Structures are given as structure tokens and as C-alpha cells.
Amino acid sequence: MSDGDFKRGGTRSTSGPKLGWSRDLQLTKTDLDAPFAKWSKDQVCNWLDDQGLGIYVRPSGSWITSGQTLLHASQQDLERELGIKHSLHKKKLQLALQAFGSEEEDNKGKLDYNWVTRWLDDIGLPQYKTQFDEGRVDGRMLHYMTVDDLLSLKVGSVLHHLSIKRAIQVLRINNFEANCLRRRPSDESNISPAEVSQWTNHRVMEWLRSADLAEYAPNLRGSGVHGGLMVLEPRFNVETLAMLLNIPPNKTLLRRHLATHFNLLVGPDAQQQKREAVESPDYTLLTATAKVKPKKLVFSSFGSLRKRKQDEEEYICPMELGLPAGTGFKKGSKQGRGMELRLYNEEELDRLEQMDDSEGTVRQIGAFSEGINNLTHMLKEDEMFKDLSAGSPCTSMTEEDSNV
């Protein structure tokens, strides 16, 4: 059984009724008023327990006298005095301590490790809940998650790395709001790519059912497919989706039906990015079996082992990766299917009424003409994408791929 396969036992794979931060992590007002350096030993120990690091409270003994002790502790101190051997536990504690020294208030610090295990359900990767729970991975750690961190959590699939990467990007776009993901259908008559990027794995399966592909929808369970992956990842195209759904290559009409709905859903900007990815010389089809190759160690001039670019962390979701440049992600944009209709406010309507008939007519005709041009451009791109999908070769399912 591979790392990505389902296993019985461990942390449950069912989502809780509400995704929010845990009540036990919200300290009292008295605790928050006092600087962490002045916290008593009991307050510090209770805080460690709330962080899920209670197993290190007893070994600390008399070493912790106040919050100042942890603020000035080095990695060696944490390992020697607290007995912290787990690399992710050390990272979690250090990030939490750094947050105390920062005046910036953000939501990612409010998302605890229990929230993250439920978040894995939403992005379609419940099989990793036990590893993430044992690593006490919280929202702050997701923001600073590296490729090596994921490998240590036994996430080796290229597809799953990309799924987590784009899911973290969605959290950043939405300022790490606990309930930013969409789990159920709503008024989606003119849905934008930004809204589609918030879809959970379950919501994507609901979309497949509405597109008359209900018999294939259950194949996405545990696949890591969610709205953010579909819209934001250039390497994820309709060929990969059809492969994950187990739609046979000889069912060309069914695949074309899927491609039509997929292209309308992700919008013209995402289509263009996916087309450019397919046309790049080093393109390989994203498959469910491709594995991430760990970074090789090299010898330095002094003969000691070191990693290439040791001083630079390879984040799974680079820090500069945030709001996409596409028009569908502009604030307030309602561009859903390649066509945007302008809505006039009352002042603009009054000005139009005061204009001469000829001038007002020209303005309105120009607005409708622009919308029709956008729609025509989208349909042309849709046809080109379908032709490209029909003619693309099917690569081996056992192909090794390390390009995340």
C-alpha cells in the first residue's frame, strides 16, 4: 500500500460540523494582557498543553521559570531541556514564540492543529490526517510549510504536493479565514474563478453530478482535487481530471463533455495558463503515481555534506505566491464564464439619461460589444483547448516526476 492509500484506523476521515479554531486555544483576557516574557511557569505550561505540546511539560522540570525562558531558548536548549526531537514540534514552537514578538495580528495563528486535520478533509486528502495530527501542524505551520516538511509527513505524491500548495495559496488569498471554503452549492448563475477556487473536494464532486457525471464523482475521494487546484495550478488540466475520474480514453464524447464544463468553470485566464504549460518543452502529464524526488545532497569543498541552497527554505507554496493576476480574481469581480457585464450605478444611469440619444446609444452599444467580444474570445479558446486535449498523447502512469 502506497503513502497516499487509505488506511483504516488513526484519525477519523469525517469532517467536523464546523471549521473554526478550537476553543481551548483562546487564552483568557488576563493572559493576553500580560507580555509572554512575564508569564508564570504554570501559564507557560498550560500554553504548551494548548498548543498540543503537553508531552514536553513534565520533562521541562524546573528549567522553565517564566515565558522569558522560552523566548531566549535556542534549538539546542529545546532539544536538551524539553526533549523535543520531532522537527515539526520544534518548528511549531519556534513559530509560535516568534509570533509573540510580532505586533502583526493575523488569522493563521488562530487555526490550530485540529482545524488543519479537518481542512485536509476539505481539500480531499484525509489519508494524511494522522501524520499531520502527530506533527501538530497548525495554520501558521501551513504558511511556512516546506517540501521537506511534507516529505517528513510521508506526502510523496507530486499531485498531492500541488494540491496542498494551491490550498495554502487559497488560504492566503482569503487571509486565512477559517470558513473561507465553500462546501455546498449556492447562487452560482455567474460564478467567478475566485469563487470556484474556494470549492472543497466534496463541492467539486457535486459539480460533477450536476454535469451528468455522477457515476465518476466518487473517484475523486482522496485524490486531493479541490477548486484551488483546478483553477490555480497550470499543470492540472482536463486530461489529468479525466484520468483521476477513470474515464476511459476511448470515450471521446464523454471526455469532450467534461472538457466543455471544465473550461467554462475555470475561465479564460486559467485556460491560457494551462495551454502555455502544455506547450512548454518540459511538459509531462500530471499523474496520480508521479513521486517527488528528495533533493540530493552534495559535497562541499570542505568535504562535509550540505544541501544545495541550505540557507534558503524551499516552501511548498512560495511566499510571493498570492493573488493571481487574472481578472477573475480582482476584488469585486463577477467574471465567471469569460463574459463580464457592466452594472451601472444610479449616478451613471442619471448621466446616461441626460445625454443626447446618440451619445447614450453609442455608450451602451460599446458596453455590449465589449461583452460579446469577450464571449467570442472565450469560445475560440474553448475550441482550441478541446482540440489540444483530443490530440495530446497519453503518458505512462508509472512516470517519475519531481517537478512540483
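This is a predicted model, so every value here is computed, not measured.

Definitions and limits used
- Residues numbered from 1 in each chain as written.
- Predicted model: local features only at pLDDT ≥ 70, side-chain atom pairs only at ≥ 80, totals over all residues.
- Heavy atoms only, no water.
- Helix = DSSP H or I, 4+ residues; strand = E, 2+ residues; numbered from the N terminus.
- Buried < 20%, exposed > 50% of the residue type's maximum accessible area, 1.4 Å probe, protein only.
- Contact = heavy atoms within 4.5 Å.
- Areas by Shrake-Rupley, 256 points an atom, 1.4 Å probe, with all protein chains shown as cover.
- Core = buried A, V, L, I, M, F, W, Y, C linked by side-chain atoms within 4.5 Å.
- Salt bridge = Lys/Arg side-chain N within 4 Å of Asp/Glu carboxyl O.
- pLDDT = per-residue confidence, 0-100.
- Phe/Tyr/Trp six-rings, centres within 6.5 Å; stacked < 30°, edge-to-face > 60°.
- Lys NZ or Arg CZ within 6 Å of the ring centre and 35° of its normal.
- Polar contact = N/O pair within 3.5 Å; in protein donor to acceptor, adjacent residues only side chain to side chain.
- Expected span 1.5 Å × (residues − 1).

**Re the overall build of the protein chain**
Thought 1: Regarding its fold elements, the protein chain presents 18 helices and two strands.
Thought 2: Counting only residues that meet the buried cut, the protein chain has 46% of its 404 residues in that class.
Thought 3: A separation of at least 24 residues holds for 72% of the contacts in the protein chain among residues at least 6 apart in sequence.
Thought 4: Accessible area for the protein chain stands at about 22,000 Å²; split by element, carbon and sulfur atoms hold 50% of it.

**Side note on unusual backbone geometry**
Thought 1: Located in the positive-phi region is Arg 136, a residue other than glycine, with phi close to 55°.
Thought 2: Along the chain, Arg 136 falls in the loop between helix H8 (129-134) and helix H9 (139-143).
Thought 3: One non-glycine residue, Phe 176, lies in positive phi territory at about 55°.
Thought 4: On the secondary structure map, Phe 176 appears in the loop between helix H11 (158-173) and helix H12 (193-196).

**Notes on the nonpolar core**
Thought 1: If you look at the biggest cluster of nonpolar residues, it comprises 66 residues, and the most contacted ones within it are Trp 119, Phe 132, Leu 142, Trp 207, Phe 236 and Leu 258.
Thought 2: Per-element accounting of this core gives the leading share, eight residues, to H11.
Thought 3: Excluding residues within four positions of it along the chain, Phe 132 makes contact with Val 116, Leu 120, Val 137, Leu 142, Met 145, Leu 150, Leu 153, Val 155 and Ile 164.
Thought 4: Ranked by size, the runner-up nonpolar core spans 16 residues in total, among them Val 44, Tyr 56, Leu 82 and Leu 93.

**Let's talk about the environment of Arg 58**
Thought 1: Turning to its location among the elements, Arg 58 is positioned in helix H3 (residues 57-60).
Thought 2: For Arg 58, a relative accessible area of 77% puts it in the exposed group.

**Some thoughts on the pattern of salt bridges**
Thought 1: All told, the structure shown has 13 salt bridges when counted by the stated rule.
Thought 2: A salt bridge links Lys 90 to Glu 79; its shortest N-O distance comes to 3.3 Å. Residue Lys 90 is found in helix H6 (residues 87-100), and its partner Glu 79 is found in helix H5 (residues 75-81); the two are separated by 11 residues along the sequence.
Thought 3: By relative accessible area, Glu 79 is classed as partly exposed at 33%.
Thought 4: Across the salt bridge formed by Lys 91 and Asp 149, the nearest N and O atoms sit 2.5 Å from each other. With a gap of 58 residues between them, Lys 91 in helix H6 and Asp 149 in helix H10 (residues 147-152) connect regions that are remote in the sequence. Like Lys 91, the residue Asp 149 is buried in the burial classification.
Thought 5: The structure contains a network of salt bridges with shared partners spanning Asp 77, Arg 80 and Glu 81.

**Some points on helix H2 (residues 41-50)**
Thought 1: For H2, the full list of buried residues reads Val 44, Cys 45, Trp 47, Leu 48 and Asp 50.
Thought 2: Where the residues of H2 are buried, they touch H3, helix H4 (67-71), H6 and helix H7 (113-122).
Thought 3: At the C-terminal side of H2, Gly 52 shows a positive phi close to 85°.

**Digging into the confidence of the model for the protein chain**
Thought 1: Overall, the prediction assigns the protein chain a mean pLDDT of 78, with 65% of residues at 70 or greater.
Thought 2: Contacts of residues 13-26 to residues separated by more than four positions or lying in other chains number 32 contacts, the stretch itself having pLDDT below 50.
Thought 3: For the stretch residues 392-403, pLDDT sits under 50, and the model shows 25 contacts to residues farther than four places along the chain or on other chains.

**A look at the packing of aromatic side chains**
Thought 1: For the structure on display, the rule yields eight aromatic pairs.
Thought 2: Ring geometry for Phe 36 against Phe 100: centres 4.4 Å apart, planes inclined by 20°, an arrangement best described as stacked. Of this pair, Phe 36 sits in the loop between helix H1 (29-33) and H2 while Phe 100 sits in helix H6, and the two are 64 residues apart along the sequence.
Thought 3: Note that Lys 108 overlies the ring of Phe 176, its terminal NZ or CZ placed 5.7 Å from the centroid.
Thought 4: Here the basic side chain of Arg 203 rests over the ring of Trp 199, its NZ or CZ set 4.2 Å away from the ring centre.

**Re the side chain of Glu 239**
Thought 1: Within the secondary structure, Glu 239 sits in helix H15 (residues 238-244).
Thought 2: Judged by its relative accessible area of 18%, Glu 239 is buried.
Thought 3: Within the structure, Glu 239 has its side chain in polar contact with the side chain of Arg 255 (distance 3.4 Å).

**Section: H6**
Thought 1: Here H6 contains 14 residues, and its C-alpha end-to-end distance of 20 Å stays within 8% of the 20 Å for a straight helix at 1.5 Å per residue.
Thought 2: All of the buried residues along H6 are Leu 88, His 89, Lys 90, Lys 91, Lys 92, Leu 93, Leu 95, Ala 96 and Leu 97.

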